[in-house]
Every structure is written in C-alpha cells, then in structure tokens.
Amino acid sequence: MAKIDVQDASIVFNVRQNRQVSLKEYIVKGLFRRSINPEVTIHALSNINLNAKDGDRVGIIGHNGAGKTTLLKMLAGIYPPTEGTCCVEGKICSLFDITLGFEQDATGWENIAYRSYLQGVSPSVLREKIKSIGEFSELGEFLTLPVRNYSAGMRMRLAFSIATAAEPEVLLIDEVLAAGDMAFQVKARTRMRELMSAARLMVLVSHDLNTIREVCNRALWLKRGKVVREGPSAEVVQAYMDDVAVRTKARQSRQSGELENAAA
Amino acid sequence: MIHHLKALWKFRHFLMALVKLDLRQRYRRSVLGIGWSLLNPIAMTVVFTVVFSSLLGNGDPITYAASVLTGMAIWGFLRDSALNGCRCFMANEAYIRQSPIPYTVYTLRTVLGQAIHSMIALAVVTVMIAIFHSNVLVLARIFYILPGLVLILMAAWGATTIAAFATVYFHDTQHLLEVAAQILFFLTPIMYTRKLLDDKQLGWLVDVNPIYWLLELTRTPLLTGHVPTLQMYVAGGAVAAALVGLAAGTVAWLQKRVIFHL
C-alpha cells in the first residue's frame, strides 16, 4: 500500500547572502562581531498538511517560487522537513531534474546502469531491462558514445527512458516533460499516461491547469510556502483561476488609472 | 546508524559502478595508464633517495627508497582522500539533488578510488623488496599489514567525510587542508627515520602525531617482516576509531541540513 502522510511540516533554513563563508571570515567575524555577509532566513514551506492514500492523484498549483518543487522534493526525501513530519510509504519514482547528473565521460549504456542502480535496481533486474531502456530511447549506436557528446534533446530522451522504466508505487512529477522531437513526444506522452495509471499514488506539479483538472482528483494550491486551499481539483483550480483573474484585473485597472492620471 | 548502513548496502552497486568508472577514467586518460599515476611517488622517491639517503637514511639507498615509497603511498592516500573529499559533495551534487541516498556513498566513492590507487603503489614496493632480497616470502608480508590497511582505510574515510561536510560550510577548507598537509608531511617520519628525532630528544613530536601510528602499522612490517606490537595496534586503532567516531557524529549531525547549504 502506498501512503503519504505529511503533518505540520515546515522547511525553514538560513542561507548566506554571498553563498558561502570562509573559515577565515567566520573567525574574523567572531572577533569583530561585524557581519558583512548576513544570514537570510528562507521559509520555503510552512505548516503543510497532506494526506493521500492508494488511488489518489494530487495536483499542486501555484505561482513560481510558491514552494511546489520544494514540496515535491520533500516528499521524495531529498529535503528533510525542518519541523513536523513527512512520511511516504511505497517505492518512490521522482521525475524532476532528470537531465542533470550524467557521468559525462561514461557511455549511454553505462549511464543507464548508474541511474538504475541509483534508483535501487539490482544488476540482475538491470540486465533484463537495459535493452528495452536503450530501445525506448531510440538512440541506437549513440549509446556507445560518451554522454559528453550528446545534444540536449538526446540527453532528455535518455533520461526520460531511464526514469520511466521504473515501476513505482508513488510517482512524483514536476511539470509534464516535453522530451525530444515530435515523434518522441507522442511516445513519451503514452509512456507517461501508462505510468500515471500504473502508479498507486501520484503527485503532479504543473502550470497546465487543464491537465491538473483532468488527471488529478485532488489539488493543493500553494502560495509562498503555505497552503491556500485544498480539495477536489476542479474546485481548487477554479478558485486559483478566479484569484489570478482578479489580480490581473486589478493590475490592469491600476495601470489604466495611472495612464489617465498621466494624461490629465 | 543501522538504518544508514542498510541504505548503504542497498546502493552498493551504484557505489561500485562509480568507483570502477573513476579508476578507468584515471588510468585511461594517459598512454602510460597506471604507470603514469605511479610516476609521482616514484619520481619523488628517486629524488629523495639521491639527495637524502646518505643524509637522513642509514646509508643504504635501497632500504631508504623502499621506506620512502611505502611512506609516500600511505601518506598520499590519506592526504588525497581528504583533499578530494573537499570536492566530493559538489562533484556529486546532481545525484544528491535527485535521490535521497546516504551521503556516505559519495565519500566512499572518493576513498575507495584512492585506496585502490594506493594499493598499486604498495604492491610495487612489495615486489621491489622481494626482488632486492631475492626472497619470494617477502610477498607474504602483505598479509601482516592487512589489519593496518583496514585501520588506515577507516581513518581515511573519517578524514574524507569531515572534510566533505566542512567544505559545504567553509569553502576555504581545501586550501587550509593543503597547508596543514604540507606541515604534517614534514612532521611525520616519511623522508627521515624516527631515530633522527629521538637522538635530538624530539621523539615526542612523533609520539603525538596520529599519522605516524597509522604509518607504522604498515611500513615496519612490510620492510622488516616484524609484526607490529599490540601497543602499536592499540595506538593505530585509537586514531582510526577517533576519526570514524568524529565522522559518524558529523554525518548524524549534518545529514539533514547539509542539502540546504549545497
């Protein structure tokens, strides 16, 4: 059984304005008590509650920087919650940042192996699967070349083929992936749909509200790391669209008001 | 802790595949392959032997060369593990941001790669000594030093892990470590013998040097065939245990926070 149980989870952390400090600076700062590189507190997520069980399809919507990806990464176990708890049961497959982290000097075949091992696949299972992953990518002889020589589209194809070869119970997706050329995109979409229907539980982050309404039964609207609204996807999407419309209108009337003032 | 080790075991294939890749990269990059990477310790040894063997050794250049090469191999392993450890999380950042697997996988990637590399240098020394003494039995001495090598491996993992986490918070760690390594190299009896310091009543400098105790677990048995005393094992074991303990503490303390600072 797959289950997501997030209780009152927050992610709050401090970063330095100038990225990192040196030990030298740290000591000097300690001696003179004068900070030239202040710490900034980031509230990436605040008091999130989310419960999902088998069969649920949860959509996450919100503006850029609202914390959608952070929430997804917390569910994947990459960001630990700094407060509260986040418990996900079931085999997780996460589809985000998949084109990053290829071993540049290794061949396509080798990278398939590394990625699969990273997903926890054993060598014996990999032997059965590796051929079909290679075939799905349609990269043919290019797979014997180092990934360094691949184009962005080829990397995307390879990454997509590896990532979607898993049989997950919990599927975490960031945006619907547009992979490769037209022909491959059709194939990719079919594969995605198969994956989505096979997964027991899915969390989908997308700006495409129609997709959320069609695919998901529930939705979560995030704003600055807080949940604004949660419920059936149609309702939440409608509320989000209304909000966007109201804001756009307000902005327009403000602008036109300014124009009139300027004219007068 | 058990949970951590279990997770580590689960991803052993990932780790071993990457270690294999690193070694292949390292040896394929040059025509001479393995020979090229041994060139540095061997060249250093030749220089030291020519210049210092009469000054710092006991006058026998071959014994001196073997002693220096062993010392350089072990010392180089510890130093390079820690220095490469500084870049370890940055180099594996893409993996870290994709999958929640134990950070130890990445530090072990660095350490195991270096370990295999250094084992090759040690094997060269052993063969060299065997040829010089025209005695095949010398090759059996490699078994004497196995416990010592395990302790050194543990110590190296500890140093690498601490360096890796420290670099995330203080980016000048590698630079400081290089300076420290340079100082330690001269404080450790690698190019000279301990006797030289003892004669000048400076033996305590060596006694407080943790590197010396790790080094002695392998160098003396390999060169002379004497099994290390229990006291030496205790000292070396204490050094390794301290480093591993510190590293495990660091992992437990920072593993949930370090990602926000990468």
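Residues numbered from 1 in each chain as written. Chains lettered and ligands numbered in written order. Predicted model: local features only at pLDDT ≥ 70, side-chain atom pairs only at ≥ 80, totals over all residues. Heavy atoms only, no water.

Q: Give me the sheet that holds strand β2 (residues 39–53) of chain A: which residues, what numbers.
A: Residues and elements named next belong to chain A. The three strands are arranged β2-β1-β4 in an open sheet whose pairing can be described as antiparallel. Where the open sheet ends on each side, the last strands, each with one partner, are β2 and β4 (83–89). Pairwise comparison of adjacent strand axes, ignoring direction, gives a mean angle of 25° for this sheet. With eleven bridges connecting them, strand β1 (residues 3–16) and β2 associate as antiparallel partners. Each bridged residue has a counterpart across the sheet, and for Ile4 the counterpart in β2 is Ala52. (Pairing = 2+ DSSP bridges. Helix = DSSP H or I, 4+ residues; strand = E, 2+ residues; numbered from the N terminus. Axes fitted to C-alpha atoms, helices over the stretch in contact; angles between N-to-C directions.)

Q: Help me get a handle on the packing of aromatic side chains, residues and values and all.
A: All names here are of chain B. Following the criterion strictly, the structure yields 15 aromatic pairs over all chains and no others. With centroids separated by 6.4 Å and ring planes inclined at 20°, the aromatic side chains of Phe48 and Phe185 adopt a geometry described as stacked. Of this pair, Phe48 sits in helix α3 (residues 34–56) while Phe185 sits in helix α9 (residues 173–187); the two residues are 137 residues apart in sequence, bridging distant segments of the chain. Across this residue pair, the class does not change: Phe48 and Phe185 are buried. Each ring, one from Trp75 and one from Phe185, has its centre 6.1 Å from the other, and the planes form 45°; the classification is tilted. Of this pair, Trp75 sits in helix α4 (residues 61–91) while Phe185 is found in helix α9, placing the two residues 110 residues apart along the sequence. Accessibility classification places Trp75 together with Phe185 in one group, the buried group. Feature note: the residues Phe48, Phe52, Trp75, Phe185 and Phe186 constitute an aromatic cluster, connected by ring pairs. (Phe/Tyr/Trp six-rings, centres within 6.5 Å; stacked < 30°, edge-to-face > 60°. Buried < 20%, exposed > 50% of the residue type's maximum accessible area, 1.4 Å probe, protein only.)

Q: Summarise the pattern of salt bridges; cite the residues concerned and give the values.
A: Residues and elements named next belong to chain A. Tallying each qualifying case throughout the model produces 18 salt bridges over all chains. One salt bridge connects Arg200 with Asp54, and the closest N-O pair in it is separated by 3.2 Å. With a gap of 146 residues between them, Arg200 in the loop between α6 (182–198) and β7 (201–205) and Asp54 in the loop between β2 and β3 (57–61) connect regions that are remote in the sequence. Its relative accessible area of 36% is what places Arg200 among the partly exposed residues. A residue is classified by how much of its surface remains accessible, and Asp54, at 34% relative accessible area, is partly exposed. Asp243 is the partner of Arg247 in a salt bridge, and the nearest nitrogen-oxygen pair spans 3.0 Å. Taken together, the residues Arg247 and Asp243, both in helix α8 (residues 233–263) and four residues apart, mark about one turn of the helix. Residue classification places Arg247 among the partly exposed residues on the basis of a relative accessible area of 40%. What emerges from the salt-bridge pattern is a single network uniting Asp56, Arg218 and Glu230. (Salt bridge = Lys/Arg side-chain N within 4 Å of Asp/Glu carboxyl O.)

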